[in-house]
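Reading the structure
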Amino acid sequence: MSKQAKIIFVSIAVAVLLFWVLVTIIPLYWMVIGSFQDSQSSASFRPQMWPSVWSIAPYERFFTKTNALRWLFNSLFVSAVITVTNLFFASLAGYAFAKLKFPGRNSIFWVLLTTMMIPAQVTLIPLYVLVINVFDLADTYTAIILPSIVTVGNIFLMKQYMSSLPTSLIHAARIDACSEFGIFRKIILPMAKPGLAVLAIFTFVAHWNDFFWPLLVTQTDQMRTIQVGLASFRFAEATDYGAIMAGATIGALPMMVLFFSLQRYFLQGITIGAVKG
């Protein structure tokens, strides 16, 4: 490829990427700007891209007319608990599949991977019946958390990462009479910190943004997460778009802060486990 052709190709690629950035960022920008305008301006077909008058009234209405603090607490609590349980169980399972030899290891692992091919919609109704009708856990934290205590995807992620860790250190620790749990705690976990960080970030983000399952198993306003609460935020006389955008901005803010402060771990998550050695 000639130098001129390379310049043309790079220019086209940059133009396409810039266009995609604009398409992606405009709705987010509109949401933030709309949260500082009155409801009429926010709902306008031609909204002001830069408000002539800034106002925090939408935020005041959102917090005074909804149970917003409780919704935020619920989202934080559920996401944090699910993240901790996934870190614990997925790291243990990943270590077992990657470094321990036991009968049926490969068969069990492939069975687990096979379950990832089943669409979530297929198991949704049986799971709902089990949690709500059999276990009678409707409108509880347990109902939201229980199905996500550990996921096969996270087990696969940790197995792939721990397969890249040196086995020689494990053999040396066994020679020194270190227990398997001691090896896991003192050797594997310190070396697996990057992988654990990626797992924690992706799990927390996924469950902070989760909507459908909390919507199914929660019934009262006190148990809603921020995403479900926003969907149920209505007024009898009209929809308050300004307050809704304020709530959406507050709900998205933790994720934006998390991404920009830990973006190198997000990028690691794309290639984790891809290189073994």
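We now turn to the structure provided with this report. Since the model is a prediction, treat every value here as computed from it, not as a measurement. (Residues numbered from 1 in each chain as written. Predicted model: local features only at pLDDT ≥ 70, side-chain atom pairs only at ≥ 80, totals over all residues. Heavy atoms only, no water.)

Some remarks on the packing of aromatic side chains
Throughout the structure, instances matching the rule amount to 14 aromatic pairs. Pairing F97 with F109 gives two aromatic rings, centres 5.3 Å apart and planes at 55 degrees, and the pair type is tilted. Of the two residues, F97 is situated in helix α4 (residues 68-99) and F109 in helix α5 (residues 105-115); the sequence distance between them amounts to twelve residues. Judged by its relative accessible area of 11%, F97 is buried. The class for F109 is buried, based on a relative accessible area of 8%. Feature note: the residues F97, F102, F109, W110 and F156 constitute an aromatic cluster, connected by ring pairs. In this structure, K159 is placed above the aromatic ring of F109, and the distance from its NZ or CZ to the ring centre is 4.9 Å. (Phe/Tyr/Trp six-rings, centres within 6.5 Å; stacked < 30°, edge-to-face > 60°. Helix = DSSP H or I, 4+ residues; strand = E, 2+ residues; numbered from the N terminus. Buried < 20%, exposed > 50% of the residue type's maximum accessible area, 1.4 Å probe, protein only. Lys NZ or Arg CZ within 6 Å of the ring centre and 35° of its normal.)

Details of the packing of helix α8 (residues 152-163) against helix α11 (residues 193-208)
Remark: α8 packs on α11, axes separated minimally by 10 Å, with the N-to-C direction vectors making an angle of 165 degrees. Judged by the angle between their axes, α8 and α11 are roughly antiparallel. Classified by chirality, the crossing of α11 by α8 is right-handed. Of the residues in α11, those touching α8 at N154, L157, M158 and Y161 are P194, G195, L196, L199 and T203. When the residues that make up the contact of α8 with α11 are grouped by side-chain class, the tally is six nonpolar, three polar and no charged. (Axes fitted to C-alpha atoms, helices over the stretch in contact; angles between N-to-C directions. Parallel < 35°, antiparallel > 145°, perpendicular 65-115°, else oblique. Left-handed = near helix turned anticlockwise from the far one by under 90°. Contact = heavy atoms within 4.5 Å. Nonpolar A, V, L, I, M, F, W, Y, C, P; charged D, E, K, R; others polar.)

Looking at the pattern of salt bridges
Using the criterion set out here, one finds two salt bridges in the structure. Here E180 ties to R174 by a salt bridge, and the two come within 2.9 Å at their closest N and O atoms. (Salt bridge = Lys/Arg side-chain N within 4 Å of Asp/Glu carboxyl O.)

Examining unusual backbone geometry
Phi at D139 takes a positive value of approximately 60 degrees, unusual for a residue other than glycine. Here D139 shows up in the loop between α6 (120-134) and α7 (141-145). Although it is not a glycine, A177 adopts a positive phi angle of roughly 65 degrees. Structurally, A177 is set in the loop between α9 (168-175) and α10 (180-191). Assessed through its relative accessible area of 69%, A177 is described here as exposed.

A few points about the packing of α9 against α10
Put simply, α9 and α10 touch, their axes get as near as 10 Å, and they point 150 degrees apart. Where α9 crosses over α10, the handedness of that crossing is right-handed. Contacts from L169, I170, A173 and R174 of α9 reach α10 at E180, I183, I187, I188 and M191. Considering only residue class, the contact of α9 with α10 consists of seven nonpolar, no polar and two charged.

Re the environment of P51
Mapped onto the secondary structure, P51 falls in the loop between α2 (39-42) and α3 (57-65). Owing to a relative accessible area of 3%, P51 belongs among the buried residues under this scheme. When the C-alpha positions of P51 and I33 are compared, they lie 7.3 Å apart, and in sequence the two are 18 residues distant.

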